[in-house]
Amino acid sequence: MKQLSTAHLLGIKHLKKEDINLIFETADHFKEVINRPIKKVPSLRDITIANLFFENSTRTKLSFELAEKRLSADIINFSASQSSVKKGETLIDTVNNILSMKVDIVVMRHPNVGASMFLSKHVDAKIINAGDGAHEHPTQALLDSYSIKEKLGTVKGKKIVIIGDILHSRVALSNIFALQLQGAKVKVCGPTTLIPKYISSLGVEVETNLKKALAWCDVANVLRVQHERMDLNYFPSIREYTQLFGINKEVLDSLGKKIVIMHPGPINRGVEITSDVADSNQSIILNQVENGVAIRMAVIYLLAQQIKK
Ligand code: CP
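Residues numbered from 1 in each chain as written. Predicted model: local features only at pLDDT ≥ 70, side-chain atom pairs only at ≥ 80, totals over all residues. Heavy atoms only, no water.

Novice: I would appreciate a short explanation of the overall build of the protein in the present structure.
Specialist: The number of helices and strands found in the protein is 11 helices and nine strands. Compactness check: the protein gives a C-alpha radius of gyration of 19 Å against a globular reference of 19 Å for 309 residues, within 12% of the reference. Dimensions of the protein along its principal axes, counting C-alpha atoms only, are 55 × 45 × 35 Å. Summarising the internal contacts of the protein: among those between residues at least 6 apart in sequence, 75% fall at separations of at least 24. For the protein, the exposed surface amounts to about 13900 Å²; the carbon and sulfur share of it is 51%. Each charge sign in the protein was given a centre, from 40 positive and 31 negative side chains, and these centres are 3 Å apart. (Helix = DSSP H or I, 4+ residues; strand = E, 2+ residues; numbered from the N terminus. Rg over C-alpha atoms; globule rule 2.2 N^0.38 Å. Contact = heavy atoms within 4.5 Å. Areas by Shrake-Rupley, 256 points an atom, 1.4 Å probe, with all protein chains shown as cover. Lys, Arg positive; Asp, Glu negative; His and termini not counted. Charge placed at Lys NZ, Arg CZ, Asp CG, Glu CD.)

Structure (structure tokens):
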């Protein structure tokens, strides 16, 4: 049986093209499973998974939980706001206490860059990064590419523009790595203050004119402005941001072609995207969410195959 080349899923940066192909092939199988009347397989009855969320989440947390349940794994859930982290416990102590309950896989979201890499070096479990600060969100990028492939038949050669707050976005960085690995062309578009200076070193072009960016692309992946990660004012007002970088029906209709609209969520309706676009037939936002379960089942299943019982 084919195996992933990595022992953990810490970021797309550590994956090979063959790993992405294997994850997608496995996700195809699980997508068929989750559309059956009985949406469950017994594959991971001997596996216990801890979901550790040190930062808020709706989609990723529920999607991982559902993926684990569909694979018949035992799961425990941990939320930092209701835990002894508040009493001063360190990350390693918290996780080692959880692991002493015989946990095989840890899914972790953490506000600090590199937290899952750190954990993978200090604890004896498979680690899946569910988002580390403004660094990487690998399962989001995998489900995004999978959704593009599903919609357009391939990722190779497609033109993708990522729009908005690139500076604070782990979704942007993981998407750039994943899309380039599969042969897509990637541009970013947003206020210059929200584009990181290192972006050109990743082989990504910057387009600050939204209409030009949309006219170029096959797919626009629209990001939220991450106010919670901002310690400065990066643009004068939300109103101005929406005027310059908000996606609305008028701008899409003026393109003379139908591009695919994506958004990782959570959406700020009326800020980066209007409701008539988010809910239109050009949008694959809810397909992304559906595909997230199949992708996470695939990642968990493939890492679990490496565990010797
Ligand atoms: N896309 C995403 O990571 O959403 P959540 O923050 O709700 O998990």
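What follows picks up the thread again.
Novice: What is the right way to look at the pattern of salt bridges in this model?
Specialist: Note that side chains of opposite charge can pair when their charged atoms are close. For the structure on display, the rule yields nine salt bridges. K31 is the salt-bridge partner of E290, the closest N and O atoms lying 3.9 Å from each other. Pair noted here: E290 is in helix α11 (residues 285–304) and K31 is in helix α1 (residues 17–33), with a separation of 259 residues, a long-range link. What makes K31 buried here is its relative accessible area of 14%. (Salt bridge = Lys/Arg side-chain N within 4 Å of Asp/Glu carboxyl O. Buried < 20%, exposed > 50% of the residue type's maximum accessible area, 1.4 Å probe, protein only.)

Novice: I tried to follow the pairing of strand β2 (residues 74–79) on my own but got confused; where do I start?
Specialist: Regular strands place side chains that alternate from one sheet face to the opposite one. As paired elements, strand β1 (residues 48–53) and β2 share six bridges and run parallel to each other. By the bridge assignment for β2, A50 is matched with I76. Each parallel crossover has a hand, and the one from β1 via helix α2 (residues 59–70) to β2 is right-handed. (Pairing = 2+ DSSP bridges. Right-handed = clockwise from strand over helix to strand, strands pointing away.)

Novice: Please clarify how the domain arrangement of the protein should be interpreted in this entry.
Specialist: Where interface size is quoted, it is often the accessible area lost as the parts come together. Taken domain by domain, the protein consists of domain 1 (12–137 + 289–304) and domain 2 (138–284). At the interface, 30 residues of domain 1 touch 26 residues of domain 2. A buried area of about 2400 Å², summed over both sides, lies between domain 1 and domain 2, and 63% of it is on carbon and sulfur atoms. The largest contributions to the domain 1 side of the interface with domain 2 come from I12, F24 and H137, which together make up 28% of the buried area. The interface formed by domain 1 and domain 2 includes two salt bridges. R170 serves as the salt-bridge partner of E55, at 2.9 Å between the closest nitrogen and oxygen. (Domains from an automatic or database assignment. Buried area = accessible area lost by both parts, 1.4 Å probe.)

Novice: So what exactly am I meant to see when it comes to the site of the ligand here?
Specialist: Every residue lining the ligand is accounted for by S57, T58, R59, T60, R109, H137, Q140, P264 and G265. Within the backbone of T58, a nitrogen or oxygen atom sits 2.8 Å from an oxygen atom of the ligand. Within the backbone of P264, one N or O atom sits 2.8 Å away from a nitrogen atom of the ligand. Coverage of the ligand by the protein chains reaches 91% of its 250 Å² of free accessible surface. Classifying every residue of the shell around the ligand by side-chain character gives one nonpolar, six polar and two charged. (Near = heavy atom within 4 Å. Polar contact = N/O pair within 3.5 Å; in protein donor to acceptor, adjacent residues only side chain to side chain. Nonpolar A, V, L, I, M, F, W, Y, C, P; charged D, E, K, R; others polar.)

Novice: I tried to follow the sheet that holds strand β5 (residues 159–163) on my own but got confused; where do I start?
Specialist: Each strand in a sheet pairs with another by means of backbone hydrogen bonds, the pair being arranged parallel or else antiparallel. An order of β7-β6-β5-β8-β9 is seen for the five strands of this open sheet, with the pairing classed as parallel. Both outer strands of the open sheet, β7 (205–206) and β9 (260–262), are each paired with one neighbouring strand and no more. Judged from the five bridges that link them, β5 and strand β6 (residues 185–189) form a sheet pairing that is parallel. Paired with K159 across the strands is K185, a residue of β6. Sheet contacts for helix α5 (residues 138–152): β5, β8 (219–222) and β9; angle to β9, the most-contacted strand, approximately 160°. (Axes fitted to C-alpha atoms, helices over the stretch in contact; angles between N-to-C directions.)

Novice: Would you take a moment to explain the packing of aromatic side chains for this structure?
Specialist: To describe a pair of aromatic rings, one takes the distance between the centres and the angle between the planes. Under the counting rule described, the total for this entry stands at five aromatic pairs. Between the aromatic rings of F24 and Y146, the centroid separation amounts to 5.3 Å while the plane-to-plane angle is 75°, which identifies the pairing as edge-to-face. Taken as a pair, F24 in helix α1 and Y146 in helix α5 lie far apart in primary sequence, 122 residues in all. For the pair formed by F24 and Y146, the shared burial category is buried. Aromatic side chains Y241 and F245 sit 5.7 Å apart centroid to centroid with 40° between the ring planes, which places their arrangement in the tilted category. Of this pair, Y241 and F245 both sit in helix α8 (residues 238–245), four residues apart, roughly one helical turn. The exposure class assigned to Y241 is buried, which follows from its relative accessible area of 2%. One aromatic cluster is present, built from ring pairs that chain together F235, Y241 and F245. The residue whose ring lies beneath R296 is F64, and the NZ or CZ to ring-centre distance is 5.0 Å. (Phe/Tyr/Trp six-rings, centres within 6.5 Å; stacked < 30°, edge-to-face > 60°. Lys NZ or Arg CZ within 6 Å of the ring centre and 35° of its normal.)

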